[in-house]
Amino acid sequence: MNLLKSNLLALALTCLVFTSCSKEDTVEVEAAKYDIDLALAQKNDAIMSSEILRLVNDHRTSIGLTALKLDSQYASAFAVDHTDYMIDKGQINHDNFGYRSEGIKFHDNAKVVGENVAYGYNTAEDVVNAWLKSPGHKAIIEGNYTHTGFGVMKCPKGRTYFTQLFYRK
């Protein structure tokens with residue numbers, strides 16, 4: 001009986017050794033989990049996003065906060081991906097925010113991530129003013145963030161959808 005237990009224990013340990021993951025395997029799995037096509041960021045309306053960033057940074061600096069730096073890679077790719085999703089759904093939402101947040105944390109070493117969304121505004125000034133009038137959106141704009149990314153796009157009906165992601169490294 002002891003020999004049987006001994007053999008089973010040895011077999012179990014052998015299985016553990018052969019099936020354990022290395023740190024590199026874990027990193028590869030995490031990278032694949034949060035993989036996103038960086039080319040998505042090119043679908044963003046860079047002109048309107050630049051104006052939104054200027055207005056947001058003007059507001060932040062007017063109250064003593066630091067200006068946000070544009071992340072035109074991962075944060076913008078995740079923002080465009082979400083804007084595409086909202087356009088497909090025909091409504092604004094924060095669906096799957098946790099995924100975007102974790103993806104930015106993984107790729108950009110972010111500590112904290114926030115998000116503002118909107119649709120139907122025709123100018124950067126209109127959307128920023130609307131966000132600043134909303135306590136929740138204003139709190140994100142005035143949050144302890146260092147970087148931002150955008151997904152600003154028109155749907156086929158001509159309505160503009162907005163996703164602005166914020167994060168702090």
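None of the values given here were measured: they were computed from a predicted structure.

Novice: Go over the overall build of the protein with me, naming the residues and quoting the values.
Specialist: Across its full length, the protein holds seven helices and four strands. Its helices and strands taken in sequence order, the protein reads α-α-α-β-α-α-β-α-α-β-β from the N to the C terminus. Across the 169 residues that make up the protein, the buried fraction comes to 38%. Counting only contacts in the protein whose residues sit at least 6 apart along the sequence, the fraction spanning at least 24 positions is 72%. Per element, the accessible surface of the protein, about 9,800 Å² overall, is 55% carbon and sulfur.

Novice: Describe in detail the side chain of Arg60, supporting the description with residues and values.
Specialist: Looking at the secondary structure, you find Arg60 in helix α3 (residues 46-62). Here Arg60 sits buried without a salt bridge, and the closest side chain of opposite charge, Glu142, lies 8.1 Å off (N-O distance). One polar contact links the side chain of Arg60 to the main-chain carbonyl oxygen of Thr66, over a distance of 2.8 Å. If we ignore the near neighbours within four places in the chain, the residues touching Arg60 are Leu65, Thr66, Leu68, Ile141, Glu142, Gly143 and Tyr145.

Novice: Lay out the sheet that holds strand β3 (residues 147-154) with the relevant residues and their values.
Specialist: Ordered by their spatial adjacency, four strands build an open sheet running β1-β3-β4-β2, and the pairing between neighbours is mixed. Where the open sheet ends on each side, the last strands, each with one partner, are β1 (69-70) and β2 (112-119). Both β1 and β3 contribute to a ladder of two bridges, which runs parallel. Residue pairing in the sheet places Leu70 in a bridge with Thr148 of β3. Across the sheet, α3 lies against β1, β3 and β4 (160-168), angled at about 135° from β3, the strand it touches most. Here helix α5 (residues 97-108) sits on the sheet in contact with β2 and β4, set at roughly 130° to β2.

Novice: Which residues make up unusual backbone geometry, and what values do they have?
Specialist: Excluding glycine, a negative phi dihedral is what most residues carry, and trans is how most peptide bonds are arranged. A positive phi angle is found at Asn96, which is not glycine, with a value near 60°. Within the secondary structure, Asn96 is located in the loop between α4 (74-89) and α5.

Novice: I'd like a description of α3, backed by residues and values.
Specialist: Across its 17 residues, α3 extends 24 Å between first and last C-alpha, which sits within 8% of the 24 Å expected from 1.5 Å per residue. Every buried residue of α3 is accounted for by Met48, Ser49, Ile52, Leu53, Leu55, Val56, Asn57, His59 and Arg60. Looking at the packing, one finds that the buried side of α3 touches β1, α6 (124-133), α7 (135-141), β3 and β4. The residue sitting at the N-terminus of α3 and contributing the capping side-chain oxygen is Asp45; that oxygen lies 3.2 Å from the backbone nitrogen of Ile47.

Novice: Quick one: what's the story with the confidence of the model for the protein, residue by residue and with numbers?
Specialist: Averaged over every residue, the pLDDT of the protein is 85; the share at 70 or more is 81%. Taken together, the stretch residues 1-27 has pLDDT below 50 and engages in two contacts with residues farther than four places along the chain or on a different chain.

Novice: Describe in detail α5, supporting the description with residues and values.
Specialist: Spanning twelve residues, α5 covers 16 Å between terminal C-alpha atoms, matching the ideal 16 Å at 1.5 Å per step. Listed in full, the buried residues belonging to α5 are Arg100, Ser101, Gly103, Ile104 and Asp108. Along the axis of α5, the buried positions cluster into a sector of 165°, meaning they face one direction only. Here the buried face of α5 lies against α4, β2 and β4. Note on α5: the residue one or two positions beyond its end, Asn109, has a positive phi of about 55°.

What counts and what doesn't
Residues numbered from 1 in each chain as written. Predicted model: local features only at pLDDT ≥ 70, side-chain atom pairs only at ≥ 80, totals over all residues. Heavy atoms only, no water. Helix = DSSP H or I, 4+ residues; strand = E, 2+ residues; numbered from the N terminus. Buried < 20%, exposed > 50% of the residue type's maximum accessible area, 1.4 Å probe, protein only. Contact = heavy atoms within 4.5 Å. Areas by Shrake-Rupley, 256 points an atom, 1.4 Å probe, with all protein chains shown as cover. Lys, Arg positive; Asp, Glu negative; His and termini not counted. Salt bridge = Lys/Arg side-chain N within 4 Å of Asp/Glu carboxyl O. Polar contact = N/O pair within 3.5 Å; in protein donor to acceptor, adjacent residues only side chain to side chain. Pairing = 2+ DSSP bridges. Axes fitted to C-alpha atoms, helices over the stretch in contact; angles between N-to-C directions. Expected span 1.5 Å × (residues − 1). pLDDT = per-residue confidence, 0-100. Arc of directions from axis to C-beta.

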